[in-house]
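Here is how the chains run, residue by residue.
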Amino acid sequence: MSEILPLLGSGLIIFAAFLLAIAMTLVWKIIGLLPKGRLQHSWGVLLLLILFFVISYGLYAKYSYVNISGKTDLIVPIIFFLGAIFVYIVCNLSLKTTRDIMQIYILKQENITDPLTGIFNRRYLDSYLNNETTKAQSFTLPLSVCLIDIDHFKSINDNYGHQVGDLVLQNIAKDIKESLRDSDVVTRYGGEEFVVVLPGTQVSTSYKLAERLRKNIENTQVTIPSKSGQEALSVKVTISIGVTELSIECKDYLCLIKNADTALYRAKNNGRNQVFIC
Ligand SMILES: Nc1nc2c(ncn2[C@@H]2O[C@H](COP(=O)(O)OP(=O)(O)OP(=O)(O)O)[C@@H](O)[C@H]2O)c(=O)[nH]1
């Protein structure tokens, strides 16, 4: 019996170290699932701590072997073993929870993203603009909105096909996004229309931004990559923009969109490739 006890004690600790090593692989998977940032670093610290325990368990198993002579000497190895089981269970549950949360996050993102352009969709715009109008009114902050429409988009589809039309939409969405601040929100309103929400921005500033964007688009051609044997295609595109802002007369989402639409209608009626304010 006295010969088995040291074996049993060391065996328990080695098995516990093995469980901790498995827990480390689970933590590694969690780190891989998480977005870059503080949370990922915190799990990295935990990973190092578990590594420290694995090494300590190994050393303890080696040096305690000769010191286990009675049953009571097994208490510490048993505690080490239960500790490792606890760490393993917590890491396993954390991995499952992280997977579930990431799945929900992906579904939520899909729900508010336009699949063609990768920018926010109308569903997101509805709730975002509602919240922003309430916030702007509570704190008496300016808020403006730009409604952007690609000119004669139907003829692009008709002349080059829908696939080229789709590529033009993707390029324009990218150009709009890149020309604005991170705090401005770009959404696809529908078809070839985009809505940009500019929190904390007066209509005069938004007009200048819209004018700069219009000129950029006017001066750059959308290049459609060549198919085998064909030349790359360059498509010239212009946009019309209606700009409006929150005011005492216009204090909600519906009114902002209505006014932006009126301004856009005037820009279209006036010959397109223009920015109008309403
Ligand atoms: N390729 C492509 N076309 C789309 C998409 N959504 C809407 N369209 C097309 O966009 C076109 C919009 O045409 P119109 O509303 O007549 O507007 P327009 O030709 O741009 O004319 P103006 O706005 O008056 O300058 C239609 O031909 C739609 O089929 C899309 O996701 N992909």
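Since we're looking at a predicted model, the values are computed, not measured.

Trainee: Looking at this model, I keep getting lost on the overall build of the protein chain. Mind explaining?
Mentor: Looking only at helices and strands, the protein chain has 8 helices and 7 strands in total. Its C-alpha atoms give the protein chain a radius of gyration of 31 Å, clearly above 19 Å, the size a compact globule of 278 residues would have. With the C-alpha coordinates of the protein chain rotated into their principal frame, the extents come out at 100 × 60 × 25 Å. For the protein chain, the proportion of its 278 residues judged to be buried stands at 30%. Residue pairs at least 24 apart in sequence account for 69% of intrachain contacts in the protein chain once pairs closer than 6 positions are excluded.

Trainee: Even after reading the chapter, I still don't get the confidence of the model for the protein chain, so can you show me in this structure?
Mentor: A low pLDDT means the predicted coordinates there should not be read in detail. Confidence in the prediction of the protein chain, expressed as mean pLDDT, is 92, and 97% of residues score 70 or more. Taken over the whole predicted complex, pTM reads 0.79, whereas the ipTM for its chain interfaces reads 0.93.

Trainee: Looking at this model, I keep getting lost on the site of the ligand. Mind explaining?
Mentor: Contacts to the ligand come from 16 residues, most closely from F153, K154, H162, G165 and G191. Within the residue set of the shell around the ligand, elements represented by two or more residues are β1 (143-150), α5 (153-160) and α6 (162-178). Counting residues per element, the shell around the ligand draws most heavily on α6, which supplies 4 residues. Residues belonging to the shell around the ligand are distributed by class as follows: 4 nonpolar, 5 polar and 7 charged.

Trainee: Just to check I follow, could you spell out the domain arrangement of the protein chain for this structure?
Mentor: Interfaces are often described in size by the accessible area the parts lose on coming together. When its domains are assigned, the protein chain resolves into domain 1 (4-111) and domain 2 (122-277). Using C-alpha coordinates to define each centre, domain 1 is positioned 52 Å away from domain 2.

Trainee: Would you explain the UniProt feature "transmembrane region" (unreviewed entry) in the protein chain in this entry?
Mentor: Per the UniProt record, "transmembrane region" (unreviewed entry) is found at residues 12-31, 43-63 and 75-95. Here residues 12-31 runs as 100% helix and 0% strand, with 29 Å between its end C-alpha atoms. The span residues 75-95 is 100% helical and 0% strand by assignment, and the distance between its end C-alpha atoms comes to 30 Å.

Trainee: Got a minute to help me understand the sheet that holds β1 in this structure?
Mentor: In a beta sheet, neighbouring strands are held together by backbone hydrogen bonds and run either parallel or antiparallel to one another. Taken in spatial order, the 5 strands line up as β2-β3-β1-β6-β7 in an open sheet, and their pairing is mixed. The open sheet has two free edges, formed respectively by β2 (185-190) and β7 (275-277), since each of these has just one partner strand. Taken over all neighbouring pairs, the strand axes of this sheet differ in orientation by 20° on average, direction set aside. Of the strand pairs in this sheet, strand β6 (residues 239-245) and β7 are connected by 3 bridges, and their pairing is parallel. From the neighbouring strand, I241 faces β7, where its bridge partner is V275. Strand contacts of helix α7 (residues 203-219): β1, β3 (193-199), β6 and β7, with the helix running at about 170° to β6, the strand carrying the most contacts.

Trainee: Would you mind going over helix α1 (residues 4-33) with me for this structure?
Mentor: For an α-helix, the turn length of 3.6 residues means that residues three or four places apart are oriented alike. With 30 residues, α1 should cover 44 Å at 1.5 Å per step; its first-to-last C-alpha distance of 44 Å lies within 8% of that length. Considered for burial, the residues of α1 that qualify are G9, L12, I13, A16, A17, L19, L20, A23, M24, L26, V27 and I30.

Trainee: It is not clear to me how the pairing of β1 should be interpreted in this structure. Could you clarify?
Mentor: Each regular strand carries side chains that alternate between the two faces of the sheet. Of all the 8 residues making up β1, 8 are buried; the element is thus mostly covered by neighbouring parts of the structure. Burial of the side chains of β1 extends over both faces: L143, V145, L147 and D149 are buried on one face and S144, C146, I148 and I150 on the other. In terms of strand pairing, β1 meets β3 through 7 bridges, oriented antiparallel. Along β3, the bridge assignment pairs I148 with F194. In this sheet, β6 lies alongside β1 in antiparallel orientation, the contact comprising 7 bridges. Paired with I150 across the two strands is I239, which belongs to β6.

Trainee: Help me out: how do you make sense of α7 in this one?
Mentor: For α7, which comprises 17 residues, the first-to-last C-alpha distance of 24 Å matches the rise-based estimate of 24 Å (1.5 Å per residue) to within 8%. Restricting attention to buried positions, one finds in α7 the residues V203, S206, L209, A210, L213 and I217. The buried side chains of α7 occupy one side of the element, clustering within an arc of 115° when seen end-on. Exposed residues on α7 whose side chains face more than 90 degrees from its buried face are S204 and N219. Tucked into the core, α7 has its buried residues touching β1, α6, β3, β6 and β7.

Trainee: Explain the pairing of β6 to me, please; I cannot follow it from the model alone.
Mentor: Within β6, 7 of the 7 residues are buried, which leaves the element mostly enclosed by the surrounding structure. Here β6 shows a buried face lined by I239, I241, V243 and E245 and a second buried face lined by S240, G242 and T244. Chirality of the crossover, the property in question, places the unit of β6, helix α8 (residues 253-269) and β7 among those that are left-handed.

Thresholds, definitions, all that
Residues numbered from 1 in each chain as written. Predicted model: local features only at pLDDT ≥ 70, side-chain atom pairs only at ≥ 80, totals over all residues. Helix = DSSP H or I, 4+ residues; strand = E, 2+ residues; numbered from the N terminus. Rg over C-alpha atoms; globule rule 2.2 N^0.38 Å. Buried ≥ 20, exposed ≤ 12 C-beta atoms within 10 Å, placed from the backbone. Contact = placed C-beta atoms within 7 Å. pLDDT = per-residue confidence, 0-100. Near = placed C-beta within 6 Å. Nonpolar A, V, L, I, M, F, W, Y, C, P; charged D, E, K, R; others polar. Domains from an automatic or database assignment. UniProt positions renumbered as here; feature names shortened; annotations may be inferred. Pairing = 2+ DSSP bridges. Axes fitted to C-alpha atoms, helices over the stretch in contact; angles between N-to-C directions. Expected span 1.5 Å × (residues − 1). Arc of directions from axis to C-beta. Right-handed = clockwise from strand over helix to strand, strands pointing away.

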